[in-house]
Amino acid sequence: MSGASKIPAIVTEVVEVNSLIKRFRFVREDGGPMPGFSGGSHTVVEMEDDGRRRLNAYSLMSDPADRSGYEISVRRDDGGRGGSMFMHARVKPGMRMQISQPVNLFGLDLRAKKHLMIAGGIGITPFIAQMAQLDGLGGRFELHYAARDRELGAYMNELSARYGERVHRYYDTEGQAIDLPTLLKGQPLGTHLYVCGPKGMINWVLSTAQKQGWPKGALHSEEFLAPPVGEAFQVDLALSGVTVNVGATQSMLEAIEAAGIDAPYLCRGGACGQCECKVREAEGELLHYDHWLSDEQKEARSHIMPCVSRFKGSRLVIEL
Amino acid sequence: MTQTQSDEIMKSRPRYGVLSYRPGSTHFIVADGEGGEAVQSLFAQAPEIATTAHIVYIPGANGTDLSAALETLGAAVFRKAPSYGAARQRIQKVLGDAHMGLQLYAAGTEGLIGQVQRDAVEAGLPHDALQTEQRGSLARRVQCVHCKGITENVTTDPFVCSHCGLNLFVRDHYSRRLAAFQGVCIDAEDPGEVPPAVERFK
Ligand code: FES
């Protein structure tokens, strides 16, 4: 299977949330209800960028109870590979686009007694859907949301208005920071911790929690992994008998797809495991960027995740 | 030493480890019978555990009672209870009042470990939060799939359900929610044709 099945959709709203973030609303082209989803899910948006097909995953931020449409927020990344720039510059209301069925790799554990959510910047989006879901279920939650400044703290005011005391806000420019050790110490037994934001923040939160004796099963994180840019390289696909050139700003998966080969994927961000590929030969260095393979697998040089990982060397052969 | 290992037959068959000290704010330890030996090793490994340790100990159904030795370990709280049922309210209260950072340990029979696991999950903890060590009797806690009654300390296979009297074959199929193995009628098709009981879970 390559990707979750597609939903033909129409963009009905494009809202400028602040100078870096735009919100998009999609409804089904056939007017029917969207598939149900749970908070934390993402959809993969397909972009036709002048002959180059881009597929980016974005968290669904609308209320899971609202089946009339899906909403996502996209932060423009001027130094990125171009997907967010395309969304900002080219996507207008009325446009037809393909989006994937929702997939959840960051779901709530509803057995928890309490949900403690920590968001950094645009990492707020999955929590917006999760809070709406928990509010509907009467679940107990608390959000700690840090942003650079008031202008960039997207949705902070709306969330405070809706959830009151349960929302705690922090602005870097005003010298506010989450007092994490104290926050974690005071959590009742049965609390699950969720963190979404930049890599540094995720590592800080997870390592602090582990140091304080939180079990791994109570820790959940999602990082928006964009495939890194790097040097161009070649990969031989042993089963298809094709050699593919991977460009510097292209991911291996994108290059394989551009060569007309239907490769498996789901998240395109190194998290779900769907694209895992066996490595047959590698003369050079496998550059692993995923969160999926174990350290042993990475060390054994036995597998690679084409959605985010790259290669540097003279010869790479994978089983695809 | 009576440390016991599980055979790997069915996926739901629980697997146990060896208690080891993990940093945390408090250490809550529940043990029965020979499980007391695992608690002694844990304290030998990390004597600093004592000041923040809370032990609940239940002497074994086979008569093993290590409470005198455990009492000398110097745990902040030590309580002896005649059965898990009698200790359960205390266990639930400790878990209900605790904060994240608490480390939870269970040692002894499978029936005890399973019940601690069940109460930990009810308290919202994930499965990996509990450290376990199986010691002593391999006796099983078995639920009769026919009458739903649970028989404790089953050592033979087949055995007679203590509730409905059917002859039950003990499967490796395990329920975390019930903390029990599954017992299925062995002579449903030919009533009375019951193979001799073998002591499988000593
Ligand atoms: S597609 Fe999910 S890990 Fe590669």
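Analysis parameters
Residues numbered from 1 in each chain as written. Chains lettered and ligands numbered in written order. Predicted model: local features only at pLDDT ≥ 70, side-chain atom pairs only at ≥ 80, totals over all residues. Heavy atoms only, no water. Helix = DSSP H or I, 4+ residues; strand = E, 2+ residues; numbered from the N terminus. Rg over C-alpha atoms; globule rule 2.2 N^0.38 Å. Buried < 20%, exposed > 50% of the residue type's maximum accessible area, 1.4 Å probe, protein only. Contact = heavy atoms within 4.5 Å. Areas by Shrake-Rupley, 256 points an atom, 1.4 Å probe, with all protein chains shown as cover. Lys, Arg positive; Asp, Glu negative; His and termini not counted. Charge placed at Lys NZ, Arg CZ, Asp CG, Glu CD. UniProt positions renumbered as here; feature names shortened; annotations may be inferred. Core = buried A, V, L, I, M, F, W, Y, C linked by side-chain atoms within 4.5 Å. Pairing = 2+ DSSP bridges. Axes fitted to C-alpha atoms, helices over the stretch in contact; angles between N-to-C directions.

*Asks:* How do you make sense of the overall build of chain A when you look at a structure like this?
*Replies:* In terms of helices and strands, chain A carries seven helices and 17 strands. For chain A, the C-alpha radius of gyration of 20 Å lies close to 20 Å, the compact-globule estimate for 320 residues. When its C-alpha atoms are laid out on the principal axes, chain A stretches across 60 × 50 × 35 Å. Evaluated residue by residue, chain A yields a buried proportion of 54% over its 320 residues. Long-range contacts, defined as pairs at least 24 residues apart, comprise 67% of the intrachain contacts of chain A with a sequence gap of at least 6. Here chain A displays about 13,600 Å² of accessible surface, and carbon together with sulfur accounts for 48% of that area. Averaging the locations of the 36 positively and 39 negatively charged side chains of chain A gives two centres separated by 2 Å.

*Asks:* Mind showing me how you'd approach the overall build of chain B here?
*Replies:* The helix and strand tally for chain B stands at four helices and twelve strands. Its C-alpha radius of gyration of 18 Å places chain B within 12% of the 17 Å reference for a compact globule of 202 residues. In chain B, buried positions account for 50% of the 202 residues. Taking the intrachain contacts of chain B between residues at least 6 apart in sequence as the baseline, contacts between residues at least 24 apart amount to 65%. A total of about 9,300 Å² of accessible surface is found on chain B, and carbon and sulfur atoms cover 52% of it. In chain B, the 19 positive side-chain charges and the 22 negative ones have mean positions that sit 6 Å from each other.

*Asks:* Which parts of the structure should I look at to understand the UniProt feature "domain: Dimethylamine monooxygenase subunit DmmA-like C-terminal" (unreviewed entry) in chain B?
*Replies:* In the numbering used here, UniProt assigns the "domain: Dimethylamine monooxygenase subunit DmmA-like C-terminal" (unreviewed entry) feature to residues 141-184 of chain B. Structurally, residues 141-184 of chain B is divided into 0% helix and 61% strand, and its ends, taken at the C-alpha atoms, are 13 Å apart.

*Asks:* Help me out: how do you make sense of the UniProt feature "domain: Dimethylamine monooxygenase subunit DmmA-like N-terminal" (unreviewed entry) in chain B in this one?
*Replies:* Mapped onto the present numbering, the UniProt feature "domain: Dimethylamine monooxygenase subunit DmmA-like N-terminal" (unreviewed entry) falls at residues 10-129 of chain B. Segment residues 10-129 of chain B splits into 36% helix and 18% strand. End C-alpha atoms: 22 Å apart.

*Asks:* Mind showing me how you'd approach the nonpolar core here?
*Replies:* Generally speaking, a soluble globular protein has its nonpolar side chains buried in company with each other. If you look at the biggest cluster of nonpolar residues, it comprises 43 residues, and the most contacted ones within it are Ile-118 and Leu-193 of chain A together with Phe-28 and Leu-104 of chain B. In this structure Leu-193 of chain A touches Leu-116, Ile-118, Leu-184, Val-205, Ala-209, Trp-214, Ala-218, Leu-219 and His-220 of chain A, once residues within four positions along its chain are discounted. Residues Leu-225, Leu-253, Ala-263 and Tyr-265 of chain A belong to the second largest nonpolar core, which totals 28 residues.

*Asks:* Before we go on, may I ask you to explain the pairing of strand β11 (residues 191-196) of chain A in this structure?
*Replies:* Each regular strand shows side chains that alternate between the opposite faces of the sheet. All names here are of chain A. A large share of β11 lies buried, amounting to six of its six residues. The side-chain alternation of β11 yields two buried faces, one formed by Thr-191, Leu-193 and Val-195 and the other by His-192, Tyr-194 and Cys-196. Relative to β11, strand β8 (residues 114-120) runs parallel, the two sharing six bridges. Among the inter-strand pairings, Lys-114 is bridged to a residue of β11, identified as Thr-191. Taken together, the four bridges between β11 and strand β12 (residues 219-222) define a ladder with parallel strand orientation. By the bridge assignment, Leu-193 is partnered in β12 with Leu-219.

*Asks:* It is not clear to me how the sheet that holds strand β2 (residues 53-58) of chain B should be interpreted in this structure. Could you clarify?
*Replies:* Two strands in a sheet stick together by hydrogen bonds in their backbones, pointing the same way (parallel) or opposite ways (antiparallel). Residue and element names in this part refer to chain B. Taking strand neighbours across the sheet as the criterion, the five strands line up as β3-β2-β1-β4-β5 in an open arrangement whose pairing is parallel. The open sheet has two edge strands with one neighbour each: β3 (77-80) and β5 (130-134). Between one strand and the next, the sheet's axes are offset by a mean angle of 10°, whatever the strand orientation. Sheet topology places strand β1 (residues 27-32) next to β2; six bridges connect them, and they run parallel. Within β2, the position partnered with Ile-29 by the bridge is Ile-55. On the sheet, helix α1 (residues 35-45) packs against β1, β2, β4 (103-108) and β5 and is oriented at approximately 150° with respect to β1. Sheet strands in contact with helix α3 (residues 84-97) are β1, β2, β3 and β4, and its direction is about 165° off that of β2.

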